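# Overview (structure and organization)
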Amino acid sequence: MSVVQLIYASRPFGFDQAMLNGILSQSRRCNARDGITGALICRADVYMQLLEGSAEALDDTYARILRDDRHLEIRRLSYHTVTDRLFPRWAMRDDPARSWMWSQAEVANGAIDRATPVQALKVFERLAAEPERGDALRDS
């Protein structure tokens, strides 16, 4: 089975820890069921998510995300077939947006809208290369 990788970004609506916990809980449950792995980078001004799985599972998941009122201004940054999963052991790894990523001012000025698929992927490649923050976060 070929693996498709999808990267999208959105602006959170009503961001707080309780909402984030709900998104992560739902994502982990649905992703494990659907054979999807990935990572979510989040902060008050941006969600950026990489999902990996079958094209059908990703298309269904992305359609649910498009209908989810916790996301505003959703834009697909990348969608392509890959040889290997970047986050094979994670139904959904989560991390706060890093300082090496775009600043809030850069996001407000359209940095994500101007990001190429390669630039978006590099954010997740860098995250995947970082040590995991502990077994408590492993979810698959």
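The model shown is predicted, which means the values in this text are computed figures rather than measured ones. (Residues numbered from 1 in each chain as written. Predicted model: local features only at pLDDT ≥ 70, side-chain atom pairs only at ≥ 80, totals over all residues. Heavy atoms only, no water.)

## What to know about the packing of aromatic side chains
Scanning the entire structure with this criterion turns up two aromatic pairs. Looking at Arg 93, its charged tip hangs above the ring of Trp 90, at a distance of 5.6 Å from the centre. (Phe/Tyr/Trp six-rings, centres within 6.5 Å; stacked < 30°, edge-to-face > 60°. Lys NZ or Arg CZ within 6 Å of the ring centre and 35° of its normal.)

## Notes on unusual backbone geometry
Unusually for a residue other than glycine, Glu 73 sits at a positive phi of about 50 degrees. Examined against the element boundaries, Glu 73 turns out to sit in strand β4 (residues 71-82). (Helix = DSSP H or I, 4+ residues; strand = E, 2+ residues; numbered from the N terminus.)

## Focus: helix α2 (residues 55-67)
Under the 1.5 Å per step criterion, the end-to-end length of α2 is 18 Å for 13 residues, consistent within 8% with the ideal 18 Å. Those residues of α2 that fall on the buried side of the exposure criterion are Ala 57, Leu 58, Thr 61, Tyr 62 and Ile 65. Around the axis of α2, the buried residues are gathered within 125 degrees of arc, so they sit on the same side. What points out from α2, more than 90 degrees from its buried face, is the exposed set Glu 56 and Arg 67. Its buried side turned inward, α2 meets β1 (3-12), α1 (17-34), β3 (46-53) and β4. (Expected span 1.5 Å × (residues − 1). Buried < 20%, exposed > 50% of the residue type's maximum accessible area, 1.4 Å probe, protein only. Arc of directions from axis to C-beta. Contact = heavy atoms within 4.5 Å.)

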